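A look at the structure
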Amino acid sequence: MEIKITLPDNSVRQYPKGVTAHQVALSISEGLARNVLAAKVNGEIIESNKPIDADSNLQLLTWNDKDGKKTFWHSSAHLLAEALEALYPDTKFGIGPPIENGFYYDIDLGGQPLGSEDFEKIEQKMLELARQKNDFVRTAKSKAEAIAYFQEKGDEYKLELLEDLEDGTISFYTQGNFTDLCRGPHIPDTGFIKAAKLMNVAGAYWRGDEKRKQMTRIYAITFPKDKELKEYLFLLEEAKKRDHRKLGKELELFAFSDKVGQGLPLWLPKGAMLRDRLEQFLKKAQVKAGYSPVVTPHIGSKQLYVTSGHYEKYGKDSFQPIRTPDEDEEFLLKPMNCPHHCEIYKTKPRSYRDLPLRLAEFGTVYRYEMSGELHGLTRVRGFTQDDAHIFCRPDQVKEEFEKVIDLVLYVFKSLGFKDFTAQISLRDPENKIKYIGSDEDWAKAESAIIESAKEKGLSTVTELGEAAFYGPKLDFMVKDALGRSWQLGTIQVDYNLPERFELEYTGSDNQKHRPVMIHRAPFGSLERFIAVLIENCAGEFPLWLSPEQLMILPISEKFADYAEIIKQKLAEHDIQAQVDNRDEKIGRKIRDAEVKKLPYMLILGEKEVETNTVSVRKHASGDQGSVTFDEFLQNFKNEIQLSLGN
Ligand SMILES: [Zn+2]
Ligand SMILES: [Zn+2]
């Protein structure tokens, strides 16, 4: 009998009943078959040698699929356990799940110490066993059989795990000499694992309960090719070098002080300069795009946030209310700028002709994050959003969305982010009751988002049910130079706040209508954005943004006056320059400026003074020769315009 297999490209192929994913892959190409780790059949992950008995949707999983990697790492945990049992025969095993990068196994070594000096021996054992290309063989067990096996083995952890399992659902998997309690699925055999690295060892309580036994958790990662392990380790090393907390300190951009408080960054002069340049850049682009800047206070009456609903949402987790000598008066540090902007909207009657109204503010907000969650600039307790709220008519949503997308793309281009996708979050069509706003408005806004993303040529993923209760949204996920994903800019439609604040405009029909509100922040927050920026460019900022664009290096004290004149001239053109007047050899001065990643150096000596020129050096590319000051200035300005994408 034949069955129909539908592949992800919607092509349909006929196979005999009982065909396996491996056989389907073979019928497409031998190369593909060699790389198939597992398969997804009607959404369920199965082993590639499991017979398929009915018409199905089939996705072949390889290393390039998230679920393929997960199966690979899950199977690798069995291999690690096999190696550990071979080396330390009395080891007892807890659980060993895959994680984002690799997997871990919690084990009980009976008090034997295990440290990084043992890693290589274990890795070698894993690879030795992998070379045996042992299949992962499944056997169904009754609960009694399973209990008997682990009692005999003396593994109380597996016995405890068995307690929660029902008879008839229990299976063992054996590869080589090692058997584990497992539901599967696995990769075809251990031979697929070509590289293994133990990363770390830590303590972990059994079942996460601090009253239970502390076990040894071994973190490891494996790959189908040795080359991939090398690349991974290189990226890991590179990520450490680029850590914004480390570079932020080295480049003197920001600091934290326990006295000021955790999660409250202090911007140092160079960091403040960087921030200011980013702000000016976006302010300029926003004025061009028709935004009106506004300023609102850092606190607001508690009532404001009760009206907006933020008190209910952030009240407990946010900072506590500030009481004043006047009774019944309470303020909150502002967790969101939106309520303030709604009140600005309400300062006068609005007509359909006044819309859209685009209010923009670099608004600093405060949210109480648990101290354990704080992380450099990416998770802080006080941060500045590049916030704006667009109040518009329902028929203007699409056009406004397109304009915001243009702005976000301009920001990304100017800052060197080339690889990004847009995630569109829509309503759960099965559960419309959860959402506020009319069906008609939602349909209009959702199609406006989808269409504008399409027209702007964005690569998108659509998530059903991921919209907020008050409206659909579009988030930009950016990949940095190391391939890591960050969520940055966001654009969000809101039907809720206009309702809560009873915002109105008079339509062409002379009737009152509710405007739609769009929240948007291309950076997200300045803090988080700068963290991502630092890690993306490894501290070598685009020229226009660099807080120190230029170092002037007089060859000796004799040329200090000329250096000062050049510095002044540069300042007139808003170019940040410093003079290195130290009594050091020029070679030393150049090296020091290189280390600081300063984009340009101007070297001034006898010849330059006489000919009224500057000798130019560029970071990482060396001597550029001598030019007149005006020429240099023109080139410098051109480079900035080019890097801004203007
Ligand atoms: Zn398993
Ligand atoms: Zn908002």
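Before reading on, note that the structure itself is shown above.
A brief structural summary. Predicted model, so just to flag it, every value in this text is computed and none were measured. (Residues numbered from 1 in each chain as written. Chains lettered and ligands numbered in written order. Predicted model: local features only at pLDDT ≥ 70, side-chain atom pairs only at ≥ 80, totals over all residues. Heavy atoms only, no water.)

1. Re helix α14 (residues 439–455)
With 17 residues, α14 should cover 24 Å at 1.5 Å per step; its first-to-last C-alpha distance of 24 Å lies within 8% of that length. Residues of α14 that are buried: W442, A445, E446, A448, I449, S452 and A453. Here the buried residues of α14 occupy an arc of 155° about the axis, which is enough to place them on one side. Residues of α14 that are exposed and point over 90 degrees away from its buried face: E440, K454 and E455. At its buried positions, α14 is contacted by α13 (397–414), β22 (419–426), β23 (460–464), β24 (473–479) and β25 (485–494). Taken from the residues just after α14, G457 is the one with a positive phi, measuring 70°. (Helix = DSSP H or I, 4+ residues; strand = E, 2+ residues; numbered from the N terminus. Expected span 1.5 Å × (residues − 1). Buried < 20%, exposed > 50% of the residue type's maximum accessible area, 1.4 Å probe, protein only. Arc of directions from axis to C-beta. Contact = heavy atoms within 4.5 Å.)

2. Considering the environment of R245
Along the chain, R245 turns up in helix α8 (residues 244–250). Judged by relative accessible area, R245 falls into the partly exposed class, the value being 39%. C-alpha separation for the pair R245 and N42, spaced 203 residues apart in sequence, amounts to 45 Å. Setting aside chain neighbours within four positions, we find R245 in contact with F254, H375 and G376. Only 2.7 Å separates the side chain of R245 from the side chain of D243, close enough to count as a polar contact. (Polar contact = N/O pair within 3.5 Å; in protein donor to acceptor, adjacent residues only side chain to side chain.)

3. Describing the packing of aromatic side chains
Going through the model one piece at a time under the given rule, you end up with 28 aromatic pairs. With 4.6 Å between their ring centres and 40° between their planes, F281 and W544 make a pair best called tilted. Of the two residues, F281 sits in helix α9 (residues 269–288) while W544 sits in the loop between α16 (526–537) and β29 (550–554), which places them 263 residues apart along the sequence. The side chain of R217 reaches across the aromatic face of Y104, ending 3.8 Å from its centre. Of note, R350 hangs over the ring of Y345, and the distance from its end group to the ring centre comes to 5.3 Å. (Phe/Tyr/Trp six-rings, centres within 6.5 Å; stacked < 30°, edge-to-face > 60°. Lys NZ or Arg CZ within 6 Å of the ring centre and 35° of its normal.)

4. A look at the coordination of the zinc ion (ligand 1)
Note on metal sites: the ideal angle is 109.5 degrees for four tetrahedral donors, and 90 or 180 degrees for six octahedral donors. Those donors, H74 (NE2), H78 (NE2), C182 (SG) and H186 (NE2), are the protein atoms that reach the zinc ion (ligand 1), and they lie 2.0 to 2.2 Å from it. Taken together, the four donor atoms coordinating the zinc ion (ligand 1) span angles of 92 to 125° at the metal, a pattern that classifies the geometry as tetrahedral. In primary sequence terms, the donor set of the zinc ion (ligand 1) follows H-x3-H-x103-C-x3-H. Here the residue H74 and the residue H78 both occupy positions in helix α3 (residues 66–87), the gap between them amounting to four residues, near one helical turn. As far as the burial class goes, H74 and H78 line up, both buried. (Donors = N, O, S within 2.8 Å, 3.2 Å for Na, K, Ca; no water. Tetrahedral: all angles 85-135°; square planar, octahedral: opposite > 155°, others 65-115°.)

5. Let's talk about the coordination of the zinc ion (ligand 2)
At 2.0 to 2.4 Å from the zinc ion (ligand 2) lie its protein donor atoms, namely C338 (SG), H389 (NE2) and H519 (ND1). Taken in sequence order, the residues that donate to the zinc ion (ligand 2) follow the motif C-x50-H-x129-H. Here H389, found in strand β21 (residues 382–392), pairs with H519, found in strand β28 (residues 516–521); they are 130 residues apart in sequence, far enough to count as distant. Of the two residues examined, H389 and H519, each falls in the buried class.

6. Thoughts on the nonpolar core
L415, L474, L550, L570 and F632 are the most contacted members of the largest nonpolar core, which totals 81 residues. For L570, the residues in contact, after removing those within four places along its chain, are L550, I552, I575, A577, L602, F629, F632 and L633. Ranked by size, the runner-up nonpolar core spans 39 residues in total, among them L80, L114, F192 and F223. (Core = buried A, V, L, I, M, F, W, Y, C linked by side-chain atoms within 4.5 Å.)

7. Notes on the packing of helix α17 (residues 560–572) against helix α20 (residues 629–643)
Across the interface, α17 lies against α20 with an axial gap of 12 Å and an inter-helix angle of 40°. Considering the relative orientation of α17 and α20, their crossing is right-handed. Contacts between α17 and α20 pair I566, K569 and L570 from the former with F629, F632 and L633 from the latter. Within the contact of α17 with α20, the residues separate by chemical class into five nonpolar, no polar and one charged. (Axes fitted to C-alpha atoms, helices over the stretch in contact; angles between N-to-C directions. Left-handed = near helix turned anticlockwise from the far one by under 90°. Nonpolar A, V, L, I, M, F, W, Y, C, P; charged D, E, K, R; others polar.)

8. Looking at the sheet that holds strand β1 (residues 2–6)
Ordered in space as β2-β1-β5-β3-β4, the five strands form an open sheet in which the pairing is mixed. Each edge of the open sheet carries a strand with a single partner, namely β2 (12–16) and β4 (44–46). Each strand of the sheet is rotated relative to its neighbour by a mean of 40°, with strand direction disregarded. Of the strands in this sheet, β2, β3 (38–41) and β5 (56–61) touch helix α1 (residues 21–28), which is tilted by about 75° from β5. (Pairing = 2+ DSSP bridges.)

9. What about the sheet that holds strand β11 (residues 178–181)?
Strand order in this open sheet of three strands is β9-β10-β11, and the pairing throughout is antiparallel. Pairing within the sheet leaves two strands with one partner each, and these edge strands are β9 (137–141) and β11. Taken pair by pair, the neighbouring strands of this sheet meet at an average axis angle of 25°, ignoring direction. Both strand β10 (residues 170–175) and β11 contribute to a ladder of four bridges, which runs antiparallel. Residue pairing for β11: Q175 is matched across the bridge by F178. Sheet strands in contact with α3 are β10 and β11, and its direction is about 130° off that of β11.

10. Quick word on the side chain of D65
Counting through the fold element by element, D65 comes out in the loop between β5 and α3. Buried within the structure, D65 lacks any salt-bridge partner; its nearest side chain of opposite charge belongs to K40, at an N-O separation of 8.0 Å. With near-sequence residues (within four places) excluded, D65 lies in contact with Q59 and L60. (Lys, Arg positive; Asp, Glu negative; His and termini not counted. Salt bridge = Lys/Arg side-chain N within 4 Å of Asp/Glu carboxyl O.)

11. Some remarks on empty space enclosed by the protein
Empty space among the atoms can be located by rolling a probe the size of a water molecule over them. For the structure shown, the criterion picks out two cavities of 30 Å³ or more. Roughly 50 Å³ of internal volume is contained in the largest cavity. In this structure, the largest cavity is lined by E47, S48, N49, F136, H186, I187 and P188. Its residues assigned to classes, the lining of the largest cavity comprises three nonpolar, three polar and one charged. By volume, the second largest cavity amounts to about 40 Å³. If you go around the second largest cavity, the residues you meet are P394, V397, D441, K444, A445, Y495 and V516. A per-element tally of the lining of the second largest cavity places α14 first, with three residues. (1 Å grid on protein atoms, 1.4 Å probe; cavity = no way out; pocket = protein on both sides within 12 Å on 5 of 7 lines; lining within 4 Å. Points joined across faces, edges and corners; volume = space filled by probe spheres on them.)

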